Amino acid sequence: MTVNNFSLAKKLSKDNVVSIGSPVSVISYLSETQEEPKRELAEKLLRFREQSKAELQKSWDEVESLQKECAISTARIAQHDNAIDEMRRKEKAWQGCCLIAEEKL
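Quantities reported herein were computed from a predicted structural model and do not represent experimental measurements.

**Side note on the overall build of the chain**
Here is step 1: Summing up its helical and strand segments, the chain has three helices and zero strands in all.
Here is step 2: Across the chain, helices and strands are ordered from the amino to the carboxyl terminus as α-α-α.
Here is step 3: Within the chain, the proportion of its 105 residues that are buried is 7%.
Here is step 4: A total accessible area of about 9,500 Å² is found for the chain, and carbon and sulfur atoms account for 59% of it.

This is how it looks when you write it as structure tokens:
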């Protein structure tokens with residue numbers, strides 16, 4: 001709590017309007033005494049809320065995109081694993097053919 005906020009809360013406590021740490025009462029006190037700063041604060045809060053929503057949506061979009069990329073990569077890995085297995089089967093078949101041919105020589 002800054003010095004200004006502390007002195008404001010202390011003054012409010014003396015007037016029995018609010019106890020220290022009650023933001024609702026502090027805001028209502030400020031709205032009665034300083035209408036313009038309250039409006040600016042509300043506008044900042046609204047902008048912050050909208051920016052937060054936009055950034056949160058952006059992060060969820062990024063998560064979705066990464067999940068799609070992961071699924072594509074997983075499918076490619078599975079295709080490559082199948083191709084490697086097929087090549088190993090062909091290699092063993094050729095080895096068998098070569099051994100049979102060597103025996104006939």
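**Re the pattern of salt bridges**
Here is step 1: Counted according to the given criterion, the structure contains three salt bridges.
Here is step 2: One salt bridge in this structure joins Lys-53 and Glu-50, with 3.9 Å as the shortest N-O distance. Placement of both Lys-53 and Glu-50 in helix H3 (residues 35-104) is noted, with a separation of three residues, approximately one turn of the helix.
Here is step 3: The salt bridge involving Lys-68 is made with Glu-64; its shortest N-O contact spans 3.5 Å. Note that Lys-68 and Glu-64 are positioned in helix H3 at a spacing of four residues, about one turn of the helix.

**Digging into the confidence of the model for the chain**
Here is step 1: Per-residue pLDDT for the chain has a mean of 79; in total, 67% of the residues score no lower than 70.
Here is step 2: Scored below 50 in pLDDT, residues 1-21 shows 17 contacts in the model against residues more than four places distant or in partner chains.

**Things to note about the state of the cysteines**
Here is step 1: If you walk through the whole model with that rule in mind, you get zero disulfides.
Here is step 2: Looking at the unpaired Cys-98, the closest cysteine sulfur is the one in Cys-97, lying at 6.9 Å.

**Focus on a nonpolar patch on the surface**
Here is step 1: The grouping of Leu-56, Trp-60 and Val-63 at the surface amounts to a nonpolar patch, some 310 Å² of accessible area in total.
Here is step 2: Position of Leu-56 among the secondary structure elements: in helix H3.

So, how was this worked out
- Residues numbered from 1 in each chain as written.
- Predicted model: local features only at pLDDT ≥ 70, side-chain atom pairs only at ≥ 80, totals over all residues.
- Heavy atoms only, no water.
- Helix = DSSP H or I, 4+ residues; strand = E, 2+ residues; numbered from the N terminus.
- Buried < 20%, exposed > 50% of the residue type's maximum accessible area, 1.4 Å probe, protein only.
- Areas by Shrake-Rupley, 256 points an atom, 1.4 Å probe, with all protein chains shown as cover.
- Salt bridge = Lys/Arg side-chain N within 4 Å of Asp/Glu carboxyl O.
- pLDDT = per-residue confidence, 0-100.
- Contact = heavy atoms within 4.5 Å.
- Disulfide = S-S within 2.5 Å.
- Patch = residues over 30% accessible without salt bridge, like charges linked within 9 Å, V, L, I, M, F, W, Y side chains within 5 Å.

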